[in-house]
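Chain residues, written in single-letter form:
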Amino acid sequence: MSDTDFWTLPPGRATRGGGSRFELTVLRPPFTAAVGELPPNATGPAAEFARSLGAVDDVTEDLGLRRRSDMATVATRADLDVVQVGVWGNVISVSDPAFADDGSDMPLLAEATRLRERFPDARIVGRVEVHFGAEHTEDLVWLPDGTMFHACGWPGDEPFVVTGDPQGVMSALGITAEALEDLDAYVDLDDDPNQNDWGALATACLGDADPWGRADLEASSLRVRHSEHATGRMESLYFTG
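The rules behind the values
Residues numbered from 1 in each chain as written. Predicted model: local features only at pLDDT ≥ 70, side-chain atom pairs only at ≥ 80, totals over all residues. Heavy atoms only, no water. Phe/Tyr/Trp six-rings, centres within 6.5 Å; stacked < 30°, edge-to-face > 60°. Helix = DSSP H or I, 4+ residues; strand = E, 2+ residues; numbered from the N terminus. Buried < 20%, exposed > 50% of the residue type's maximum accessible area, 1.4 Å probe, protein only. Patch = residues over 30% accessible without salt bridge, like charges linked within 9 Å, V, L, I, M, F, W, Y side chains within 5 Å. Areas by Shrake-Rupley, 256 points an atom, 1.4 Å probe, with all protein chains shown as cover. Salt bridge = Lys/Arg side-chain N within 4 Å of Asp/Glu carboxyl O. Lys, Arg positive; Asp, Glu negative; His and termini not counted. Charge placed at Lys NZ, Arg CZ, Asp CG, Glu CD. 1 Å grid on protein atoms, 1.4 Å probe; cavity = no way out; pocket = protein on both sides within 12 Å on 5 of 7 lines; lining within 4 Å. Points joined across faces, edges and corners; volume = space filled by probe spheres on them. Nonpolar A, V, L, I, M, F, W, Y, C, P; charged D, E, K, R; others polar. Expected span 1.5 Å × (residues − 1).

Novice: Honestly, the packing of aromatic side chains in this entry has me stumped. Any pointers?
Specialist: Geometrically, a pair of aromatic rings is defined through the distance of the ring centres and the angle of the planes. Evaluated as defined, the whole model comprises 3 aromatic pairs. Plain terms: the ring middles of tryptophan 7 and phenylalanine 239 are 6.3 Å apart, the flat faces sit at 90° to each other, and that makes the pair edge-to-face. In this pair, tryptophan 7 sits in the segment before β1 (18-27) while phenylalanine 239 sits in helix α6 (residues 228-239), placing the two residues 232 residues apart along the sequence. Each member of the pair tryptophan 7 and phenylalanine 239 is classed as buried. Geometrically, the ring pair formed by phenylalanine 132 and tyrosine 238 is edge-to-face, given 5.2 Å between the ring centres and 80° between the ring planes. With phenylalanine 132 in the loop between β5 (123-131) and β6 (135-142) and tyrosine 238 in helix α6, the pair connects residues that are 106 residues apart, well separated along the chain. Accessibility classification places phenylalanine 132 together with tyrosine 238 in one group, the buried group.

Below is the structure:
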């Protein structure tokens, strides 16, 4: 089976819109991990983690290491089959364009649910931000005791849905409104859900273990064959409408 079996479009076809984040991170104990103290990326486990994802059928090519500060582009159809995966000790992170959504499928939540079963002791944090004429976000935090929140929708617009207990997550991790203000993150749980910066709250929940945007971390860049379902969803999001 080739890596293009499920696509109906050629690799060079330009995408419409795009995304700036497709991140999902698993933080296992100890939760005091700091990025500057993490070991180098374990390339073998990184590839195996990629293969274990629900949206991935197989890894077809290892493209080498890439700094976490380098933003991946999704300018063409071929770019959509490149994922970034890092396994740095007790921190695992994946960036996959297949996490993009318009609110109809919520793939980030689906993968986080699978990871919750695999890593019951972990703090799972996800952030997806994509632009298809308007911005759509999906953010979540899931703690080992089951406390979680999931926020999904069109910031500043409707529909926007928040489930779970964001205040419970903040209280459990000691995240205060003042701390969020210091990060220039607007989070007011009494305000309309579509006004809050849920992505910034998700990032704050990783603290010093946050691997996003770090020039001192390298992750594996891998070309994958996505599943038929994931490929079909990406084709409809990135090339139609």
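After that view, the rundown keeps rolling.
Novice: When you look at unusual backbone geometry in this model, what are you seeing that I'm missing?
Specialist: A cis amide bond links proline 29 to the next residue, proline 30, at an omega of 5°. Position of proline 30 relative to the elements: it lies in the loop between β1 and α1 (43-52). Between glutamate 158 and proline 159 the backbone carries a cis peptide bond, its omega angle lying at 0°. Note that proline 159 resides in the loop between β7 (148-153) and β8 (160-164). Positioned with a positive phi, methionine 106 is a non-glycine residue whose angle comes to about 55°. Residue position: methionine 106 is located in the loop between β4 (91-95) and α2 (107-118).

Novice: In this structure, what is going on with a negative patch on the surface? I would like to understand it.
Specialist: Taken together, the side chains of Glu178, Glu181, Asp182 and Asp184 make up a negatively charged region of the molecular surface. With respect to the helices and strands, aspartate 184 occurs in the loop between α4 (177-182) and α5 (198-204).

Novice: Would you mind going over the layout of surface pockets with me for this structure?
Specialist: Summary: where empty space remains is shown by rolling a probe the size of a single water molecule over the atoms. Its volume calculated, the largest pocket comes out at about 210 Å³. Lining of the largest pocket is provided by 16 residues; of these, Leu173, Ala204, Cys205, Leu206 and Gly207 occupy positions nearest its centre. Looking at the lining of the largest pocket residue by residue, the classes come out as 12 nonpolar, 2 polar and 2 charged.

Novice: When you look at α2 in this model, what are you seeing that I'm missing?
Specialist: Every α-helical turn comprises 3.6 residues, leaving residues that sit three or four positions apart pointing alike. Here α2 is 12 residues long and its end C-alpha atoms lie 17 Å apart, about the 16 Å a rise of 1.5 Å per residue gives. Residues of α2 that are buried include every one of Pro107, Leu108, Glu111, Ala112, Leu115 and Arg116, and no others.

Novice: What should I look at first to understand the environment of arginine 77 in this one?
Specialist: Here arginine 77 lies in the loop between β2 (56-67) and β3 (82-88). The class for arginine 77 is buried, based on a relative accessible area of 3%. Sequence separation of arginine 77 and arginine 13 is 64 residues, and the distance between their C-alpha atoms is 5.5 Å.

Novice: Can you help me understand the pattern of salt bridges in this one?
Specialist: Proximity of charged atoms lets side chains of opposite charge pair with each other. Scanning the entire structure with this criterion turns up 9 salt bridges. One salt bridge connects glutamate 48 with arginine 51, and the closest N-O pair in it is separated by 2.8 Å. Pair noted here: glutamate 48 and arginine 51 are both in helix α1, with a separation of 3 residues, about one helical turn. The salt bridge partner of arginine 51 is aspartate 58, with a shortest N-O separation of 3.1 Å. Arginine 51 sits in the partly exposed class, given a relative accessible area of 34%. One network of salt bridges, in which partners are shared, links Glu48, Arg51 and Asp58.

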